[in-house]
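Below, each chain spelled out in residue letters.
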Amino acid sequence: MKSWFKKIGQKLYGKKPADKTLKPEEKKAPLKEKLSTTAYTEDKPSPVEDTPVTAKVIDKPTPVEDTPVATKVTDKPTPVEEKSKVSWFNKLGENFKRTSSGIKKAIFAKKINNDDLDYLEEAFLMSDLGVTFTDQLLSELKSKRIETGNLRNEVMKFLESQFNENKHEFIFSNTSQPQIILMFGVNGSGKTTTLAKLAGKAKEKKLSLSIVAADTFRAAAVEQLLEWGKRLNLDVFTGYQNEDPSSVVFKAHKQAIEKKTDVLLIDTAGRLHNKTELMEELKKIVRTIQKNDPKGPHHKLLVLDSTIGQNTYSQLEAFNSSIGITGVIMTKLDSSSKGGSLIGISKKYKTPIHFIGVGEKIDDLIDFNAKDFINALIGNDFGEKDESLH
């Protein structure tokens, strides 16, 4: 785990490890260039065969025997390994990285004094953690006798504990046929794209699924889902333009029951949380689902744009009071999100965070892991550990 954190640090702070691979060959200047190109370009053996002076090669066999080309290539598989180890941390937005950098400078302090705590307070407030949780954290840190150099561990423990009350893992199940997942959120939160990514995850688990395009008033939303359906080779159930969304959901649900579909993913229209008529429409969809399955929908997922910071709280409160929320998906952490609001969502509202979105690609929906998230937020194991305020 530490090795890929190190790679993130190199990207954030511009530090590169010293290249020790070619040092043994520094003394062999004439052959240096040819050996290095051969080592990195396997399909280009011409530099070795292209040696025009045959007599010199025979007279001086030591460079040939001494050439560690094969061992150097096998010794340095990093270009291949890096591709498989590319972390979602690399996709986090610049604001998140600045937040991480600011917090890191405070928690790596070698001495703990009021100036350090003030700096830490500012860093957490800037991260959208919020005044309440920032004050709570600082008062807890002040009440402890923190040993020199142990501030980082205390901050880590406190922040991780804020996520402990919720089970964040999302589990696809075929115990109910279908397992109904209702997705909703305000306009522009990335709801439709997120639904497609979630469909991709279900497909990876070999589950049969159907997508319901219940945003009947926006033709572009239906077209977007149909395009995703083609890419993923999935069925998309659509109604006619301006049809009652509840009617579309009812028919799609009936069909899914008949076909014994494992998962039914329902996309709804983006709606402002303070528009009463739109929230009533969402309630109607829930009641319609319950006509065919009294326990449905089994998941009611709110998609939140993480770039709006603590404004996510008001959206969460409104949707939760209207239809209830079983979990949230935070999108756009690759954009201008600072990340701190996720702590408030988990702690204050006791709401699981199932996934975070870090890009537009189908595999850019990441299972939320509290420890990994806190590692990213506080810059733990990024770059060198001696960076501090002093």
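Below you will find a few notes about this structure. Computed from a prediction, not measured in an experiment: that's the story for all the values here.

## Here's the deal with the pattern of salt bridges
Next up, step 1: Scanning the entire structure with this criterion turns up eleven salt bridges.
Next up, step 2: Linking Lys284 and Asp244 is a salt bridge whose minimum nitrogen-to-oxygen distance equals 2.7 Å. Here Asp244 lies in the loop between strand 3 (235-238) and helix 14 (245-259) and Lys284 lies in helix 15 (residues 276-292), a separation of 40 residues in the sequence.
Next up, step 3: Residue classification places Lys284 among the partly exposed residues on the basis of a relative accessible area of 36%.
Next up, step 4: For Asp244, a relative accessible area of 31% translates into the label partly exposed.
Next up, step 5: We note a salt bridge from Arg271 to Glu281, for which the minimum N-O separation is 3.2 Å.

## A short note on the pairing of strand 6 (residues 327-331)
Next up, step 1: Of all the five residues making up strand 6, five are buried; the element is thus mostly covered by neighbouring parts of the structure.
Next up, step 2: Burial along strand 6 is two-sided: the residues Gly327, Ile329 and Thr331 and Val328 and Met330 are all buried.
Next up, step 3: Sheet analysis places strand 5 (residues 299-305) next to strand 6, joined by five bridges and oriented parallel. Looking at strand 6, one finds that Leu304 is bridged to Met330.
Next up, step 4: For the crossover from strand 5 across helix 16 (residues 312-323) to strand 6, the handedness is right-handed.
Next up, step 5: Two elements, strand 6 and strand 7 (residues 353-357), share three bridges in a ladder whose sense is parallel. Each bridged residue has a counterpart across the sheet, and for Ile329 the counterpart in strand 7 is Phe355.

## Brief notes about the sheet that holds strand 8 (residues 365-367)
Next up, step 1: If you walk across this open sheet you meet the eight strands as 3-2-4-1-5-6-7-8, and the pairing is mixed. The outermost strands of the open sheet, each flanked by one partner alone, are strand 3 and strand 8. Averaged over all pairs of adjacent strands, the angle between their axes in this sheet comes to 25°, without regard to strand direction.
Next up, step 2: Here strand 1 (residues 179-184) pairs with strand 5 via four bridges, running parallel. Bridged to Leu182 within strand 5 is Lys300.
Next up, step 3: Contacts from helix 14 reach strand 1, strand 2 (209-213), strand 3 and strand 4 (263-267) within the one sheet, and its direction differs from that of strand 3 by about 140°.

## Concerning helix 12 (residues 191-204)
Next up, step 1: Between its first and last C-alpha, helix 12 extends 20 Å over 14 residues, near the 20 Å set by a 1.5 Å rise per residue.
Next up, step 2: Across the 14 residues that make up helix 12, a large majority, twelve, are buried.
Next up, step 3: Residues Lys191, Thr192, Thr193, Thr194, Leu195, Ala196, Lys197, Leu198, Ala199, Gly200, Lys201 and Ala202 constitute the buried set of helix 12.
Next up, step 4: The first or second residue beyond helix 12 is Lys206, which carries a positive phi of 65°.

Basis of the calculations
Residues numbered from 1 in each chain as written. Predicted model: local features only at pLDDT ≥ 70, side-chain atom pairs only at ≥ 80, totals over all residues. Heavy atoms only, no water. Salt bridge = Lys/Arg side-chain N within 4 Å of Asp/Glu carboxyl O. Helix = DSSP H or I, 4+ residues; strand = E, 2+ residues; numbered from the N terminus. Buried < 20%, exposed > 50% of the residue type's maximum accessible area, 1.4 Å probe, protein only. Pairing = 2+ DSSP bridges. Right-handed = clockwise from strand over helix to strand, strands pointing away. Axes fitted to C-alpha atoms, helices over the stretch in contact; angles between N-to-C directions. Contact = heavy atoms within 4.5 Å. Expected span 1.5 Å × (residues − 1).

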